[in-house]
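Okay, here's what each chain looks like letter by letter:
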Amino acid sequence: MNFSEGFKLSGLLCKFSPDGKRLASCVQYRLIVRDVNTLQILQLYTCLDQIQYVEWSSDSLFILCAMYKRGIVQVWSLEQPDWHCKIDEGSAGLVASCWSPDGRHILNTTEFHLRITVWSLCTKSVSYIKYPKACQQGIAFTKDGHYMALAERRDCKDFISLFVCSDWQLLRHFDTETQDLAGIEWAPNGCVLAVWDTCLEYKILLYSLDGRLLSTYRAYEWSLGIKSIAWSPSSQFLAIGSYDEKVRILNHVTWKKITEFEHPPIIANPKIIVYKEVEKSATVETQKLSFPPTRALASSLFSIPSKYDVSQVPMSLQYIKPVADRANPRIGIGTLAFSPDNCFLATKNDNTPNAIWIWDIQKLKLFVVLEQLCTINSFQWDPRQPRLAICTGNSKVYLWSPAGCVSVQVPMEGDFQVLSLCWHSGGDSMALLSKDNFCLCYLEREESNIHVLCKQSRHERKVVSLEMK
Amino acid sequence: MGDWKTITVPAPSSVLDSKNTSQYTSEKKMSPSSLNMQQVLRLPLPSSKSTHSFFSAFCTEENVEQSISYLNRELTTLGFPSLYAESKGKELNLISILNCMNELLVLQRKNLRAQEEVEMQHLKLGSDMDHLQNCYAKLKEQLEASKREIVGLQERDRQLQCKNRNLHQLLKNEKDEVQKLQNIIASRATQYNHDMKRKEREYNKLKERLHQLVMNKKDKKIAMEVLNYVGRVDGKRGGWRTDKTEARNEEEMYKALLRDYEQCQKQLLVENAELRKVLQQMKKEIISLLPPQKQKPRERSEDGIGPVLSDLEDDVGELNKENMWELSCETVREQLTNSIRNQWRMLKNHVEKLDNQVSRVHSGALTDKDVISREDHELETEKLELEIQHCKEMIKTQQQLLQQQLMSPCDDDTTVLLQDCYLLEERERLQEEWKLFREQKKNFEKERRSFTEAAIRLGLERQAFEEDRGTWLKQQFLSMTCDSKYSENVKTQSATSGSSDQDNHLMNTRSQQKKPRSLSSVPTSAELCQTIQDTPYSSSPCAISNKTTEESKPNQWEEIYKEETEKCFKM
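Residues numbered from 1 in each chain as written. Chains lettered and ligands numbered in written order. Predicted model: local features only at pLDDT ≥ 70, side-chain atom pairs only at ≥ 80, totals over all residues. Heavy atoms only, no water.

The name given to chain A in an unreviewed UniProt entry is WD repeat-containing protein WRAP73, and the organism recorded there is Alligator mississippiensis.

Okay, structure coming up:
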């Protein structure tokens, strides 16, 4: 495992181009595009204000930088460095901006969700879409980029509009049986749209591309409902994480529940492997980690290497009792993601913020639980293989694969707390982002610089620590 | 009875004393309590004197006639024959007097006995009464205790019922609460929705207004500055939006959908084919597993599913097997499922049979293994059985002994006692008493033997005495033949007067003397007969001889003896 040197970064804005050749990163109002392999600066663009959002076009030829404060979007071309485009939303304001899948249109959402403006880079035409709904996830494009689904709100009713992205023609428009639609998500095959209701009600609706309601699923009533959903890459499963700390998995044939994954704070099944991150030096054992970890503590942890131990089950996870009388309680399944090969599902229960649960989808069983020392900031699957990268806001990056898991110290000078990470599309490197810096982490076949390797064979469950230098 | 005597006795004296009698009668009339008082007052006077003097006070030289007439009256009223020889004459009939006296004495004795019996009975009844009273008290206590218990239980029951009711009430309250809360939630939800809608409408209005304000104004700023327009990704130019494009879009959408469904179907087909393959394989394997049993069930179920199967087999035979599998029409499917089910059933039966066999073999093996232990077991059981037999015998002998013990003193009383449901302790006590009694009896028998011996001796002595007296009387008779008549009169007089007193006294003393003896020693009838026989034999020759000469004295003797014997009999 190799690490690049650190580079400056602001606003955690660092993105690999879809073709995997370039890397865009922002430092204040500057946009820097590097070559992924050499990390040499290819282009340097200067925007009008501090960049708040960056997005590559699908063909990796253009890059948009949004400055919401100013209501401006600036677009740069990689091919023609002197080409420039500036979109000003004026007094309407700007809250969101994104590329259309064809990479030639930009969709700007104005303040108060008054409308969505579709700017074309090819023609002078400007389209407006009225009544977009302000919600968790109101716009969804199919994976092939042909269609866009948009959640709308008119006369206190929710509607879905399906657009053909090529000419922005309205294909279907239908109302949904939702109280207050919270989000929409296309299945990867682009034929089924999942629509879920507000968290006050557990309700998920499945629509076909032609607007037919395929199925409705309600697990329970009178209680906080869906918090997050995820389609499996094969479109075969729909995983629904909810506030009752459970993940329910629906199948794509009958749209009925296949199974239910509970997230109890006590793990009793001896077949489940629990990896617990422990500090390598015994002296720090007394310092119990507080939640959330203070800066001082985090910096003190900075140099302390850690490793994974296989815990003896039954064991209990660190559990946070949610505050009941406040909105958006820290409870339930907040994040969940399928591995690219459909074999695993990683979930995070917000009451046990230090733990990641990895489920075996083939057996529909809990497989592994990782308990970290700190709160998990984000996790992401390797786009090529079942390998999960986790960061917890400290100077380490954690990797899990069915073979075992490792804790890797990022060899950066100074305070480098990995707050976020993103994989390269090729799956052999990833960008680790801290508040002010970022670096690339290259994963090779011969993992040479791993501090601690915790190898585990499924049958023996032996911890083997390898010091490789 | 004894009290009565003392009361009745002064009556004749009061009769004699006219003053007294009047007083007595007047007093008698007054009240029984006063009479009692009188008695109490009067009684100390006679009691201070001896009974003998008291009797003599009743009959003095002066009032012999009166007392006789009084006695006569009294006796006649009691149903005895008159004391006088004739109904109106003043001559006393000695025989009847004696008879009366005897009868009175007999009566007296009878009464005494009856009194004793009654007293005994009274005692018995008293003890019974006590026992019953104890029982009653105990039962009453029990009743009270049970009543208390019942009350307690009822109280507990009531409390529990109360609790139950409370709990029911609580449950109902909770249910109501739940219902209420649900209603509240529902109403809140509707209210919330309503409010939301209202707010949203307002918000929409504002939005609309804002939209108008912001958008309608020719905002110069809302614009896109672009150096030059770029080409499309596909390199084509954007077409106009027409019906044609719309139709094309629709078409493409349906195409996409179709593609998806086709893919889906393909997957399903692949899955189906795989499953079919597995099914086919399974079927083949099942068939190969069941060659011997295949025939029997088919023959058995010739009329049932057999034909279908055979038909199917025929079909299979005719058609290419592969083709048959590809058929998916209803009929073939049904046949297939039927045949599979049948074969499965057969396989199941077979497996069950095998299982049974295996289990049987297993159990057989188990028994083989257990042989040694079983032998041990049998040996042990034999031992135990022997022990049991031994014990049983012991018990039997013990029982026999016990029964013998119980049966040996099996008299009427004991049977009665046994019949009475006495407790074991009482029985034991009684047995102990029996032992004592038997010892006493032995002693008494000894005593009686000595007595009989003494009686025999007495008889011999009396014989000698009689002989002496006979000789003496002969001499007397021979010496004083002249004034025999006078002497006879005197003798009779003295005999009547003296005997009435003396004999009475004698008899009393004798009876008193004899009483304890007769009570304590209970001679058997045979022995008694012997003694009686002994005595007459010894006395009869002389009595017969005496009768001719003198009747009074032997008669007296005889009377005494008779009485004695009677006494003996009655006791």
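There's plenty left to go through after this.
Peer 1: Outline the overall build of chain A, listing residues and values.
Peer 2: Along chain A, the regular secondary structure elements total one helix and 43 strands. Expressed as a percentage of the 469 residues in chain A, the buried residues total 58%. Contacts in chain A between residues at least 24 apart in sequence constitute 46% of all its contacts with a sequence separation of at least 6. Summing over all exposed atoms, chain A offers an accessible surface of approximately 19,100 Å²; the carbon and sulfur share of this is 50%. (Helix = DSSP H or I, 4+ residues; strand = E, 2+ residues; numbered from the N terminus. Buried < 20%, exposed > 50% of the residue type's maximum accessible area, 1.4 Å probe, protein only. Contact = heavy atoms within 4.5 Å. Areas by Shrake-Rupley, 256 points an atom, 1.4 Å probe, with all protein chains shown as cover.)

Peer 1: With reference to specific residues and values, describe a nonpolar patch on the surface.
Peer 2: The grouping of L200 of chain A together with Y192 and M196 of chain B at the surface amounts to a nonpolar patch, some 270 Å² of accessible area in total. You can see L200 of chain A is positioned in the loop between β20 (192-196) and β21 (204-208). Judged by relative accessible area, which is 45%, L200 of chain A ranks as partly exposed. (Patch = residues over 30% accessible without salt bridge, like charges linked within 9 Å, V, L, I, M, F, W, Y side chains within 5 Å. Salt bridge = Lys/Arg side-chain N within 4 Å of Asp/Glu carboxyl O.)

Peer 1: Describe the interface of chain A and chain B, naming the residues involved and giving the relevant values.
Peer 2: At the junction of the two partners, chain A supplies 51 residues and chain B supplies 44 residues. Both sides of the chain A and chain B interface together cover about 4,300 Å² of buried area, and 56% of this is carbon and sulfur. When the area that chain A buries against chain B is broken down by residue, the three leading residues are L114, C156 and Q169 of chain A, summing to 14%. Counting the contacts that link chain A with chain B gives four salt bridges. Across the salt bridge formed by E200 of chain B and R153 of chain A, the nearest N and O atoms sit 2.3 Å from each other. Among the secondary structure elements, those contributing two or more residues to the side of chain A that touches chain B are β10 (84-88), β13 (115-120), β14 (126-130), β16 (147-154) and β18 (169-175) of chain A. Take the side of chain A that touches chain B: its biggest share by element is five residues, from β10 of chain A. Its residues assigned to classes, the side of chain A that touches chain B comprises 22 nonpolar, 13 polar and 16 charged. (Buried area = accessible area lost by both parts, 1.4 Å probe. Nonpolar A, V, L, I, M, F, W, Y, C, P; charged D, E, K, R; others polar.)

Peer 1: Quick one: what's the story with the sheet that holds strand β23 (residues 226-231) of chain A, residue by residue and with numbers?
Peer 2: Residue and element names in this part refer to chain A. Sheet architecture is open: four strands sit in the order β23-β24-β25-β26, paired in antiparallel fashion. Single-partner strands in this sheet number two, and they are β23 and β26 (257-262). In this sheet, neighbouring strand axes are inclined to one another by 20 degrees on average, regardless of whether the strands run parallel or antiparallel. Bridge analysis of strand β24 (residues 237-242) against strand β25 (residues 246-251) gives five bridges, and the strand direction is antiparallel. (Pairing = 2+ DSSP bridges. Axes fitted to C-alpha atoms, helices over the stretch in contact; angles between N-to-C directions.)

Peer 1: So what's going on with the pairing of strand β38 (residues 404-409) of chain A? Which residues, and what values?
Peer 2: On a regular strand, each side chain points to the face opposite its neighbour's, so the side chains alternate between the two faces of the sheet. All names here are of chain A. By the criterion of burial, β38 is predominantly enclosed, with six of the six residues buried. Of the two faces of β38, the one holding G404, V406 and V408 and the one holding C405, S407 and Q409 are both buried throughout. Linking two consecutive strands that pair antiparallel, namely strand β37 (residues 396-401) and β38, is a turn of two residues.

Peer 1: Go over a negative patch on the surface with me, naming the residues and quoting the values.
Peer 2: Where like charges cluster on the molecular surface, the negative patch consists of E375, D376, E378, E380, E382 and E385 of chain B. Secondary-structure assignment places E382 of chain B in helix α13 (residues 330-407). (Lys, Arg positive; Asp, Glu negative; His and termini not counted. Charge placed at Lys NZ, Arg CZ, Asp CG, Glu CD.)

Peer 1: For the sheet that holds strand β9 (residues 72-77) of chain A, give the residues involved together with the corresponding values.
Peer 2: If you walk across this open sheet you meet the five strands as β7(A)-β8(A)-β9(A)-β10(A)-β1(B), and the pairing is antiparallel. Single-partner strands in this sheet number two, and they are β7 (53-56) of chain A together with β1 (223-226) of chain B. Sheet twist, expressed as the mean angle between neighbouring strand axes with direction ignored, is 15 degrees. Here β10 of chain A pairs with β1 of chain B via four bridges, running antiparallel.

Peer 1: Please set out the layout of surface pockets residue by residue, giving values where relevant.
Peer 2: Residue and element names in this part refer to chain A. In this structure, the second largest pocket occupies an estimated 1,700 Å³ of space. With four residues, strand β39 (residues 420-423) is the single largest residue contributor to the lining of the second largest pocket. For the lining of the second largest pocket, the residue count by class is 27 nonpolar, eight polar and five charged. (1 Å grid on protein atoms, 1.4 Å probe; cavity = no way out; pocket = protein on both sides within 12 Å on 5 of 7 lines; lining within 4 Å. Points joined across faces, edges and corners; volume = space filled by probe spheres on them.)

Peer 1: Please set out unusual backbone geometry residue by residue, giving values where relevant.
Peer 2: What you tend to see is this: most non-glycine residues have negative phi, and most peptide bonds are trans. Of note in the backbone geometry, W168 of chain A takes a positive phi value of approximately 55 degrees without being a glycine. You can call W168 of chain A buried: its relative accessible area is 7%.

Peer 1: Help me get a handle on the pairing of β9 of chain A, residues and values and all.
Peer 2: Residues and elements named next belong to chain A. Within β9, six of the six residues are buried, leaving the element largely enclosed by the surrounding structure. What you see with β9 is no split at all: I72, Q74 and W76 on one side and V73, V75 and S77 on the other are buried throughout. As judged from the six bridges shared by strand β8 (residues 62-67) and β9, these two strands associate in the antiparallel manner. Within β9, the position partnered with C65 by the bridge is Q74. Linking β8 to β9, which pair antiparallel, is a turn of four residues; within it G71 sits at a positive phi near 70 degrees. As judged from the five bridges shared by β9 and β10, these two strands associate in the antiparallel manner. Along β10, the bridge assignment pairs I72 with D88. Where β9 folds back onto β10 in an antiparallel hairpin, the turn is made up of six residues.

Peer 1: So what's going on with the pattern of salt bridges? Residues and values would help.
Peer 2: Residues and elements named next belong to chain B. Enumeration over the complete set of coordinates arrives at 28 salt bridges over all chains. D195 is paired through a salt bridge with R198; the nearest N and O atoms lie 3.7 Å apart. One end of the pair, D195, and the other, R198, are both in helix α8 (residues 94-216), three residues apart, so they sit about a helical turn from each other. A residue is classified by how much of its surface remains accessible, and D195, at 28% relative accessible area, is partly exposed. A residue is classified by how much of its surface remains accessible, and R198, at 41% relative accessible area, is partly exposed. In this structure, E466 and R469 form a salt bridge, with 3.3 Å as the shortest nitrogen-oxygen distance.

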